[in-house]
Amino acid sequence: MSGTDYSYDGEGQFFPYFILTITSLVTLPVTYSWLKPSKELENTATRIDSGYKPEHADLIEGQRKKLKRRERRIKRALISIGGWLVIAYMVYLTIVTARLIPKIWDPYDVLGISRSATEQEIKKHYRRLSLTLHPDKAREDPSRNITKEIINDHWVDVTKAFKALTDEEIRNNYIQFGHPDGKQSFSIGIALPKWIITEGHGKYVLLIYALALGVILPYTVGRWWYGTQRVTREKILVASAGKLFREYDNDQGETGVVGVLSSGEEFNDVLKGHKADNGLSKLEQKVLADSSDSSISSILSKKDRQKLEDLDETPRRKVLNLLWAYLGRVELGDDVLNDEKFEVAPVALRLNEAYTAIALAYGNTKAVLSAYHTAQNLIQALRPGASPLEQLPYFSPEVVKAAEAEKSRNHLTIQEFMRLSADKRKSRVVAPGLLTDSQYKTALTVASKLPVLHVEKAFFKVLGERFITPSSLVQFVVKCRFIPPGTANVPEVKASDLEDIDPDEGDVAANNGRKEDKSGEKPIQPPLAHAPYFARDHAPRWHVFLADSKQGKIVVPPFSFSTFDKPIIDESGNSTYNVQTLKMQFGAPPQAGKYTFVMHMVCDSYIGTDTKTEVTLEVDDASKVEELVEEDEISEPDEDTIAGQMRALKTGAAPGKPKKKRSDDDSSDGSDTEGDVDSESETDTDTDSDDE
């Protein structure tokens, strides 16, 4: 009678394999996610080495290490290490554990005869065995542990083997089922130790199942779900995003943006417990003091000061004071407060990204620029309205005042300062009480390595067309170069580098505006932002967008660029001056006419490097374009144009030779910066309508 027999791994033979399999399924992917190289740009870029260490450099470095520890995926590392230890132990057990291999029943082995033996030889051998192994003939031997039961069982086995080779019915059972008794019970081995279900351990097994299915699994899934729902796409808390949205105002300047950022819930992790109250009064005295030591009191309006003093929430009040102390580089006279001052800046920058997204949703140019400039201030630890020269090492407000000798109202940019003659620069800032020669050289070294993007040409085009028609898909192309401040003998731009050649028709990715996939290559990017006060590495990003100056609205939302298509510096660290190509696509206005936009190019890491210029988009009427195309068809069309191919198909004649390519001074050239061009007040592009 057949049946099913469940047997447990009482000897521990298969249990290591079971644990090894389960552990490997968890450990291998966790280890890969832990060890795989990070694709974040902050981990692949070079640095601007200056040797400059600001005040409290030890506190800033401590905050950087603290942030890196959070990003090292310590939990994954512990799981991976623990998993590999378990795997190693299970492998060891599989090696040292004796394996019990079940013996397959073989009648020839039982009888001890050759497989080539004939039936007559088998019967003869069986009769010979009966003389010694039959229970009536064999005798017990306690010294050899041979009992009556063993003798009987062995003889039964011999008899079965004999009949399996001589009896027709029993032989068929053996051939068909592998046993003379016919079909046997099916045995299933369970790779669990037998002690789990024996000796009263069943209740513990049930307890483990209850904990796994009723507690651990729901907790893990719930925590994962809550973790995904409690943060936004910008990786900030949903509660923080709600507060930023409620306090948003189109007319907020940079000081107002800083006030809004202080409402973020993320700061609660910085000011846990009594930290929110400790040192608050001292902090406010330092920040709001009307003295030369505090540069913040001079930029805060009465409204901003009153808002700061009227805050009821103690944690937010302290956060806002810490932010102003950081932006003003105010010495707080307390290591704990100074440490908290440097800790809040990276949190505020992350919140500012969410604030920027809100500003972009409203499409107000002033608000978006305020958000971008706040990012510059946070990275460089400079108050709104500060001189760009304070980004250089050792350039304190006193040194900047001396450097800006004849420019009292408008600050000098680093580029303008570096364009001064060497003697004039040095005479202004190298003096007793200002800078020493070594400090001056360090500042110049940093200034000469800053990645300043200089626009060479900007124009509009439509792929494969000479004219821009209403509602067509337009590309805005910006040709630019990285030219560090103070660079002399900059090579001229080649005319061919300013052209934008259309890709082949089969290049779908390029025709759709997508970059070539270079995920396996190291990205081409400028050095990390030189921000000695910012407690985190940051890769510079450039934001390019088009705005309507009359309406104060963004027409084409920003396209952000952090990597480029050509090397920026060579192996020796010198600038290559390669022309970089930046592209952004949008829908042309539905009406024909000339549209004048303002192009803004803003770097989020450096103050005073923004580019602002007017560009004109000329949209031709479709009927006018058809007339021009017909005129071209009367003349012999180029073989590489659609008209030329159509003519060849119609006439069967060979297409004409290609004509010389038109120059880039077409009507679609957007580098026209004339200020008196009539611009339609109702600039209604597809993108603009979405934003509004």
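The structure this text deals with has already been given above.
Predicted, not measured: the structure shown is a model, and the values here were computed from it. (Residues numbered from 1 in each chain as written. Predicted model: local features only at pLDDT ≥ 70, side-chain atom pairs only at ≥ 80, totals over all residues. Heavy atoms only, no water.)

Draft legend 1. Spatial organisation of the side chain of serine 33. Along the chain, serine 33 falls in helix 1 (residues 15-35). For serine 33, a relative accessible area of 16% puts it in the buried group. Non-local contacts of serine 33, meaning those with residues more than four positions away in its chain, are made with Arg73 and Arg76. (Helix = DSSP H or I, 4+ residues; strand = E, 2+ residues; numbered from the N terminus. Buried < 20%, exposed > 50% of the residue type's maximum accessible area, 1.4 Å probe, protein only. Contact = heavy atoms within 4.5 Å.)

Draft legend 2. Expanded view of helix 1. Along its 21 residues, helix 1 runs 29 Å from first to last C-alpha, staying within 8% of the 30 Å computed at 1.5 Å per residue. Along its length, helix 1 shows its largest kink, about 30°, at serine 24. Within the span of helix 1, buried status applies to Pro16, Thr23, Ser24, Thr27, Val30, Thr31 and Ser33. As for helix 1, its buried residues are in contact with helix 3 (74-96). (Expected span 1.5 Å × (residues − 1). Bend = angle between axes of the 7 residues up to and from the residue.)

Draft legend 3. Up close: helix 5 (residues 119-133). The terminal C-alpha atoms of helix 5, which comprises 15 residues, lie 20 Å apart, in line with the 21 Å expected from a rise of 1.5 Å per residue. All of the buried residues along helix 5 are Ile122, His125, Tyr126 and Leu129. Looking straight down helix 5, one finds that the buried residues subtend no more than 105° of arc, so they occupy a single side. Exposed side of helix 5, more than 90 degrees from the buried face: Gln120, Lys124, Arg127 and Leu131 are the residues found there. Looking at the buried positions of helix 5, the neighbouring elements they touch are helix 4 (107-111) and helix 6 (148-166). (Arc of directions from axis to C-beta.)

Draft legend 4. Spotlight on the packing of aromatic side chains. What the rule picks out here adds up to 17 aromatic pairs. Where phenylalanine 245 meets tyrosine 362, the ring centres are 6.4 Å apart and the plane angle is 25°; that geometry is what we call stacked. In this pair, phenylalanine 245 sits in helix 9 (residues 238-247) while tyrosine 362 sits in helix 15 (residues 335-362), placing the two residues 117 residues apart along the sequence. Under the relative-accessibility criterion, phenylalanine 245 is labelled partly exposed at 48%. Between the aromatic rings of tyrosine 248 and tyrosine 355, the centroid separation amounts to 5.6 Å while the plane-to-plane angle is 55°, which identifies the pairing as tilted. Remark: tyrosine 355 occurs in helix 15 and tyrosine 248 occurs in the loop between helix 9 and helix 10 (254-261); sequence separation between them is 107 residues. Here the aromatic cluster, defined as three or more aromatic residues joined through ring pairs, consists of Phe460, Phe476, Phe586, Tyr595 and Phe597. The lysine or arginine in question, lysine 457, covers the ring of phenylalanine 459, its NZ or CZ lying 4.9 Å from the ring centre. (Phe/Tyr/Trp six-rings, centres within 6.5 Å; stacked < 30°, edge-to-face > 60°. Lys NZ or Arg CZ within 6 Å of the ring centre and 35° of its normal.)

Draft legend 5. A look at a nonpolar patch on the surface. Residues Tyr209, Leu213, Leu217, Val221, Trp224 and Trp225 make up a contiguous nonpolar surface patch of roughly 730 Å² in combined accessible area. Mapped onto the elements of the fold, leucine 213 is located in helix 8 (residues 202-229). For leucine 213, a relative accessible area of 59% gives the class exposed. (Patch = residues over 30% accessible without salt bridge, like charges linked within 9 Å, V, L, I, M, F, W, Y side chains within 5 Å. Areas by Shrake-Rupley, 256 points an atom, 1.4 Å probe, with all protein chains shown as cover. Salt bridge = Lys/Arg side-chain N within 4 Å of Asp/Glu carboxyl O.)

Draft legend 6. Spotlight on the environment of isoleucine 19. Positionally, isoleucine 19 belongs in helix 1. Between the alpha carbons of isoleucine 19 and methionine 90 there is a distance of 7.2 Å; along the sequence they are 71 residues apart. With near-sequence residues (within four places) excluded, isoleucine 19 lies in contact with Val86 and Met90.

Draft legend 7. Structural detail: the pattern of salt bridges. For the coordinates displayed, the defined rule picks out twelve salt bridges. In this structure, the salt-bridge partner of glutamate 265 is lysine 243, at a minimum N-O distance of 2.4 Å. Taken together, the positions of glutamate 265 in the loop between helix 10 and helix 11 (267-270) and lysine 243 in helix 9 put the pair 22 residues apart, joining distant regions of the chain. Ionic pairing is found between aspartate 500 and lysine 461, a salt bridge with its closest N-O pair at 2.9 Å.

Draft legend 8. Just the packing of helix 10 against helix 16 (residues 365-380), in detail. Between helix 10 and helix 16, whose axes approach to 9 Å, the crossing angle comes to 75°. Here helix 10 is positioned roughly perpendicular relative to helix 16, judged by the angle of their axes. In this structure, helix 10 contributes Glu254, Val257, Val258 and Leu261 to the contact, and helix 16 contributes Ser370, His373, Thr374, Asn377 and Leu378. Tallied by class, the residues present in the contact of helix 10 with helix 16 amount to four nonpolar, four polar and one charged. (Axes fitted to C-alpha atoms, helices over the stretch in contact; angles between N-to-C directions. Parallel < 35°, antiparallel > 145°, perpendicular 65-115°, else oblique. Nonpolar A, V, L, I, M, F, W, Y, C, P; charged D, E, K, R; others polar.)

Draft legend 9. Representation of the sheet that holds strand 4 (residues 473-482) in the model. Across the sheet, three strands lie side by side as 3-4-7; this open sheet has antiparallel pairing. Each edge of the open sheet is held by one strand with a lone partner, namely strand 3 (453-461) and strand 7 (579-587). Strand after strand, the sheet turns through a mean of 20° between neighbouring axes, direction not considered. The pairing of strand 3 with strand 4 spans eight bridges and is classified as antiparallel. Each residue of the ladder has a partner; that of leucine 453, found in strand 4, is phenylalanine 482. (Pairing = 2+ DSSP bridges.)

Draft legend 10. Up close: the packing of helix 15 against helix 16. Their axes nearest at 9 Å, the elements helix 15 and helix 16 cross at an angle of 170°. In terms of axis orientation, helix 15 runs roughly antiparallel to helix 16. Counting all contacts with helix 15, which are made through Ala348, Leu349, Asn352, Tyr355, Thr356, Ala359 and Leu360, the residues of helix 16 involved are Ala367, Val368, Ala371, Tyr372, Thr374, Ala375, Leu378 and Ile379. A per-class count over the contact of helix 15 with helix 16 returns twelve nonpolar, three polar and no charged.

Draft legend 11. Just unusual backbone geometry, in detail. A positive phi angle, near 55°, is found at alanine 381, a position not held by glycine. The topology assignment puts alanine 381 in the loop between helix 16 and helix 17 (397-403). The phi dihedral of tyrosine 577 is positive, around 60°, even though this residue is not glycine. Inspection of the secondary structure assignment puts tyrosine 577 in the loop between strand 6 (553-561) and strand 7.

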